[in-house]
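Close look at the chain arrangement
The chain contents come next:
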Amino acid sequence: MIGLISATAAGAVARDRLAAAWPERTRVYDGPAGAAVRAAFAECEQLVCFLATGAVVRLIAPLLADKASDPGVVCVDEGGRFAVSLVGGHGGGANGLAGEVAGVLGAAPVVTTATDAAGLAGLDTLGLPVEGDVAGVSRALLDGVPVRLDAEVPWPLPALPLAPPGTAAEYAVRVTDRAGAAGGREVVLRPPSLVVGVGASAGAPAEEVLGLVEDALREAGLSPRSVARLATVDAKAGEPGIVAAAEALGVPLVTYSAAELAGVDVPHPSDAPLAAVGTPSVAEAAALLGGGELLVPKRKSARADGRPAMATCAVVRRPVRGRLAVVGLGPGARDLLTPRARGELRRAAVLVGLDQYVDQIRDLLRPGTRILESGLGAEEERARTAVAEARAGHAVALIGSGDAGVYAMASPALAEASDDIDVVGVPGVTAALAAGAILGAPLGHDHVSISLSDLHTPWEVIERRVRAAAESDLVVTFYNPRSRGRDWQLPKALAILAGHRDPGTPVGVVRNASRPDESSRLTTLAALDPATVDMMTVVTVGNTATRRIAGRMVTPRGYRWQGEHA
């Protein structure tokens, strides 16, 4: 919950705008500012104070205890011009909150955290439990002092300006699921790499299940902070002791059917669970389902009263899964690059793309991002490279123009990728949509996009598709319409359409949509000169309902509307 505090009428206006925008996330604290701040500080995860920063500093100073547990505090001036991340920038989420508040109020976010200001990923913002000298190692990264990566467990991290392998470095970032305190000048990141399979008899006490899991982890030298989940059989989904153990560890409980578990090859099958729940293994099978390394074979709980054990567990280190984000950059304009695409570019440690597209977004990448760029004609090579980097455990962004799934990199990448990596698609504004917005509303009814390039598709197939679109009276957008070596395909496609449409059918021609040298014009099917078209152009041919209205190309959604404007 976000507490909202103001002291003046002007501050209350901005406060109420935020409360109206986030009714489920916010709570307004009325009354004297001092009392309101104290109450919100005790009850909320974050605060937004519509007060002077000096006043807020004096009010919260006696309340501050620990940066890991204090709420994040954002200050907004009474004019609503600035949203200042005051304390808890990383741990309390104030930096992100300042950006969100600014977005709602039309303010400018002010973030002074050193790593954010320098574009570095904060070590305490990676979504992993973190221990050790965060401030010291972060300062070393900022100052360009060598920091080595000790990846005992490979994990897809965002870009960090780390020293090349083999470089002597006094500072280190260690990624491990092993127990043990961080050393001096070291940060330890705990990846969620462990799965604990559990089985239990009916009525097994929570303390017995939890104690067994904790003992197994401790004796194996493993950190409880790296446990990703507890896993068991469906029949035990509601077993109180297992549910309570998962809650105590702060991890989800996942369950599998007996048939799924029975299909897992385990080292220690047993007749007892087979008779009870229909599978020869619960703990080991539940931990191993999905693959991984068995670190702790099945073990039973030990009861002080000497009675039979009521719980079993096993621990597996799950396989590392790299991450591939296939990112559409849009048609070229920076303001048409989506926030999600920006986020994925910042999250990636490896960027793969066409050199000219890399140049478009190079300034958005974090320091330390490894860039693998190549020229035109190497699409399949880039797809293979991106997948290989993800399989090696990296966080990878593969970029393409427009929407990556439309005549771009998603198709070849997903043809290469198997289910051993995580794949995320990030949509972008396509060339057809960008051109359509410039022309008016040519895509207001059914439409189709067809690439006229026969480099990957035989012309016979392309021609059949154009003919089908013509006979179906679809609006047609032509991608890759004409190049120096392909100058006859567009005239041929237009001739096919002309056999089914009036010569006066509106045609929109847009070159470099959304870019500084953008140009566009409206013409007709009969008047279009193919020689004026190149590979940077999108050609949109209307259907029999498309009209030119007030200088814009419009395809009506309904034919009744069309009749009124005929």
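Residues numbered from 1 in each chain as written. Predicted model: local features only at pLDDT ≥ 70, side-chain atom pairs only at ≥ 80, totals over all residues. Heavy atoms only, no water.

**Here we look at the overall build of the chain**
Summing up its helical and strand segments, the chain has 19 helices and 28 strands in all. In the chain, buried positions account for 47% of the 566 residues. Counted over contacts in the chain with a minimum sequence separation of 6, partners at least 24 positions apart contribute 65%. Counting only carbon and sulfur atoms, one obtains 53% of the accessible surface of the chain, whose full area is about 25,700 Å². Both charge centroids of the chain, one from 54 positive and one from 62 negative side chains, sit 3 Å from each other. (Helix = DSSP H or I, 4+ residues; strand = E, 2+ residues; numbered from the N terminus. Buried < 20%, exposed > 50% of the residue type's maximum accessible area, 1.4 Å probe, protein only. Contact = heavy atoms within 4.5 Å. Areas by Shrake-Rupley, 256 points an atom, 1.4 Å probe, with all protein chains shown as cover. Lys, Arg positive; Asp, Glu negative; His and termini not counted. Charge placed at Lys NZ, Arg CZ, Asp CG, Glu CD.)

**Here we look at the packing of helix α1 (residues 9-21) against helix α4 (residues 94-105)**
For the pair α1 and α4, the least separation of the axes is 10 Å and the interaxial angle reads 100°. Classified by the interaxial angle, the pair formed by α1 and α4 is roughly perpendicular. Contacts from Ala14, Arg17, Leu18 and Ala21 in α1 reach Val101, Val104 and Leu105 in α4. (Axes fitted to C-alpha atoms, helices over the stretch in contact; angles between N-to-C directions. Parallel < 35°, antiparallel > 145°, perpendicular 65-115°, else oblique.)

**Regarding the sheet that holds strand β16 (residues 323-328)**
Read from one edge to the other, the open sheet built from five strands follows the order β18-β17-β19-β16-β20, with strand pairing classed as parallel. Of all the strands in the sheet, just β18 (370-374) and β20 (422-426) have a single pairing partner and so form its edges. Here the strands of the sheet are splayed against their neighbours by 15° on average, with no regard to which way each runs. With five bridges joining them, β16 and β20 adopt parallel strand pairing. Bridge assignment links valine 326 to a residue of β20, and that residue is glycine 425. With respect to the sheet, helix α12 (residues 339-347) is in contact with β16, β17 (350-354), β19 (395-400) and β20, its orientation differing from that of β16 by roughly 140°. (Pairing = 2+ DSSP bridges.)

**Overview of the side chain of arginine 323**
Topologically, arginine 323 is positioned in strand β16. A polar side-chain atom of arginine 323 sits 2.6 Å from a polar atom in the side chain of glutamate 344. (Polar contact = N/O pair within 3.5 Å; in protein donor to acceptor, adjacent residues only side chain to side chain.)

**Some points on the sheet that holds strand β28 (residues 552-554)**
Pairing is mixed across the open sheet formed by three strands, whose spatial order is β21-β28-β27. Of all strands in the sheet, those bounded by a partner on one side alone are β21 (440-441) and β27 (547-549). With two bridges joining them, β21 and β28 adopt parallel strand pairing. Paired with alanine 441 across the two strands is valine 554, which belongs to β28.

**Some details on the state of the cysteines**
Throughout the structure, instances matching the rule amount to zero disulfides. Here cysteine 75 is not disulfide-linked; the sulfur of cysteine 49 is the nearest cysteine sulfur, at 5.5 Å. (Disulfide = S-S within 2.5 Å.)

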